[in-house]
Amino acid sequence: MRGITDTVKHLLIINVLLFVAKMSMRDGLLDEWLALHFPKNQAFELWQIFTHMFMHGNFMHIAFNMFALWMFGTAVEQVFGARKFIFFYISAGLGAALVMLGTYYLQYLPLESDILTAGFSPSQIHETMTTGRVMQGVNAVQQDQLQSMFYIFNSSMLGASGAIMGVLVAFGMLFPESKLMLIFLPVPIKAKYFIPGIIALDLISAVTGQSFFSPSNTAYAAHLGGALTGFLMMWYWKKTQFNKNRWDR
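Residues numbered from 1 in each chain as written. Predicted model: local features only at pLDDT ≥ 70, side-chain atom pairs only at ≥ 80, totals over all residues. Heavy atoms only, no water.

1. A closer look at the overall build of the chain
If you tally the helices and strands in the chain, you get ten helices and four strands. Relative to its 249 residues, the chain shows a buried fraction of 44%. The long-range share in the chain, meaning contacts at least 24 apart out of those at least 6 apart in sequence, stands at 66%. Surface exposure of the chain reaches about 13600 Å², of which carbon and sulfur atoms provide 64%. (Helix = DSSP H or I, 4+ residues; strand = E, 2+ residues; numbered from the N terminus. Buried < 20%, exposed > 50% of the residue type's maximum accessible area, 1.4 Å probe, protein only. Contact = heavy atoms within 4.5 Å. Areas by Shrake-Rupley, 256 points an atom, 1.4 Å probe, with all protein chains shown as cover.)

2. Some remarks on a nonpolar patch on the surface
Taken together, the side chains of Leu 228, Phe 231, Leu 232, Trp 235 and Tyr 236 make up a nonpolar region of the molecular surface, amounting to roughly 510 Å² of accessible area. Summarising the element assignment, Phe 231 is placed in helix H10 (residues 220-239). Taking the relative accessible area as the measure of exposure, Phe 231 reaches 39% and is therefore partly exposed. (Patch = residues over 30% accessible without salt bridge, like charges linked within 9 Å, V, L, I, M, F, W, Y side chains within 5 Å. Salt bridge = Lys/Arg side-chain N within 4 Å of Asp/Glu carboxyl O.)

3. Some thoughts on the packing of aromatic side chains
Enumeration according to the criterion identifies twelve aromatic pairs in this entry. Aromatic side chains Phe 171 and Phe 175 sit 5.1 Å apart centroid to centroid with 45 degrees between the ring planes, which places their arrangement in the tilted category. A relative accessible area of 8% places Phe 171 in the buried class. We classify Phe 175 as partly exposed; its relative accessible area is 22%. Ring-pair connections join several aromatic residues into one group, and the members of that group are Phe 38, Tyr 104, Tyr 105 and Tyr 108. Positioned over the ring face of Phe 80 is Lys 84, at 5.1 Å from the centre of the ring. Positioned above the aromatic ring of Trp 237, the side-chain terminus of Lys 84 is 4.3 Å from the ring centre. (Phe/Tyr/Trp six-rings, centres within 6.5 Å; stacked < 30°, edge-to-face > 60°. Lys NZ or Arg CZ within 6 Å of the ring centre and 35° of its normal.)

4. A few points about the side chain of Glu 112
Position of Glu 112 relative to the elements: it lies in helix H5 (residues 82-117). Glu 112 has contacts with Lys 40, Ile 125 and Met 149, leaving out every residue within four places of it along the chain.

5. Some details on helix H7 (residues 140-153)
A rise of 1.5 Å per residue sets the reference length of H7, with its 14 residues, at 20 Å; its end C-alpha atoms lie 20 Å apart and thus fit the reference within 8%. Within H7, the full set of buried residues consists of Gln 142, Gln 145, Leu 146, Met 149, Ile 152 and Phe 153. Burial along H7 is one-sided: seen end-on, the buried residues are contained in an arc of 120 degrees. Away from its buried face by more than 90 degrees, H7 exposes Ala 140, Gln 147 and Tyr 151. Among the structural elements, H5 and helix H6 (122-131) are those in contact with the buried residues of H7. The opening residue of H7 is Asn 139, an N-cap whose side-chain oxygen sits 3.1 Å from the backbone nitrogen of Val 141. (Expected span 1.5 Å × (residues − 1). Arc of directions from axis to C-beta. Polar contact = N/O pair within 3.5 Å; in protein donor to acceptor, adjacent residues only side chain to side chain.)

6. Regarding the pattern of salt bridges
A full pass over the atoms with the stated rule returns five salt bridges. Across the salt bridge formed by Asp 31 and Lys 22, the nearest N and O atoms sit 3.0 Å from each other. Take Asp 31 and Lys 22: they sit in the same class, and that class is buried.

7. Some thoughts on the nonpolar core
Core analysis: the largest hydrophobic core is formed by 38 residues, its most contacted members being Leu 69, Val 76, Phe 80, Phe 85, Phe 88, Tyr 89 and Phe 171. It is helix H8 (residues 161-174) that contributes the most residues to this core, nine residues altogether. Not counting the four nearest positions on each side in its chain, Leu 69 is found in contact with Val 8, Leu 11, Leu 12, Thr 74, Phe 85, Tyr 89 and Ile 164. (Core = buried A, V, L, I, M, F, W, Y, C linked by side-chain atoms within 4.5 Å.)

8. Considerations on the environment of Lys 190
Tracing the sequence through the fold places Lys 190 in strand S4 (residues 185-190). By relative accessible area, Lys 190 is classed as partly exposed at 29%. Through-space distance from the C-alpha of Lys 190 to that of Gly 172 is 8.7 Å; in sequence the pair is 18 residues apart. When sequence neighbours within four positions are dropped, the list of residues in contact with Lys 190 reads Pro 176, Glu 177, Ser 178 and Lys 179. A distance of 2.9 Å separates a polar atom in the side chain of Lys 190 from a polar atom in the side chain of Glu 177.

9. Observations regarding the packing of helix H4 (residues 59-80) against H5
Where H4 meets H5, the closest approach of the two axes is 7 Å, and the angle between their N-to-C directions is 130 degrees. Classed by the angle they form, the pair H4 and H5 counts as oblique. Of the two elements, H4 crosses H5, and the hand of that crossing is right-handed. Contacts from Leu 69, Gly 73, Val 76, Glu 77 and Phe 80 in H4 reach Ala 82, Lys 84, Phe 85, Phe 88 and Tyr 89 in H5. (Axes fitted to C-alpha atoms, helices over the stretch in contact; angles between N-to-C directions. Parallel < 35°, antiparallel > 145°, perpendicular 65-115°, else oblique. Left-handed = near helix turned anticlockwise from the far one by under 90°.)

Here you go:
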């Protein structure tokens, strides 16, 4: 582990240990406890807002995230120091979770309101959400609405991507002239252009549903939430760089 800073190393170890534990336990059990569920779902627990960022879906998911954490997190921690880096990392992950939940609520609540207005009861809606059985008397439009609600109600969010997007933003603001490239596009691009480009692709994916480099079920809103949280923290620290909250560069 030469070249890895202490906090990044500890984060890598925690993520890998939890992934091994997940693979060793009954299928889905650890995800049920630690992944972030929609708050209306009975599986939701408050601690999941924190624990979801240490869980991963499969080997490629954790491999890409941990590679990015090592690649960008080490450089950022060298500037920030351990305490400031872990505060930044966790804050970006929490910001990602809150933006994702907010996005889900903005999608879910209008649909729920329409179903309630049509005369169906909260208990009927809850039964449909938990069992998947569509209640009697719904029309085609309402069935589509219930299907969208069911997807959100039973969704779960996991992964360090939101926190890492915040770290990526910090790297771009600290080292804007550094040159980066994609594996399948070996053209060096400065970080000040590369990282906004990645964020722009996530924004397009979040709006259109079109996936560019990741699976279609990727939580793009969470990526954007982590990036936004990271940017706001970096902007604030730079703005207050001459007082006790100063940016440490």
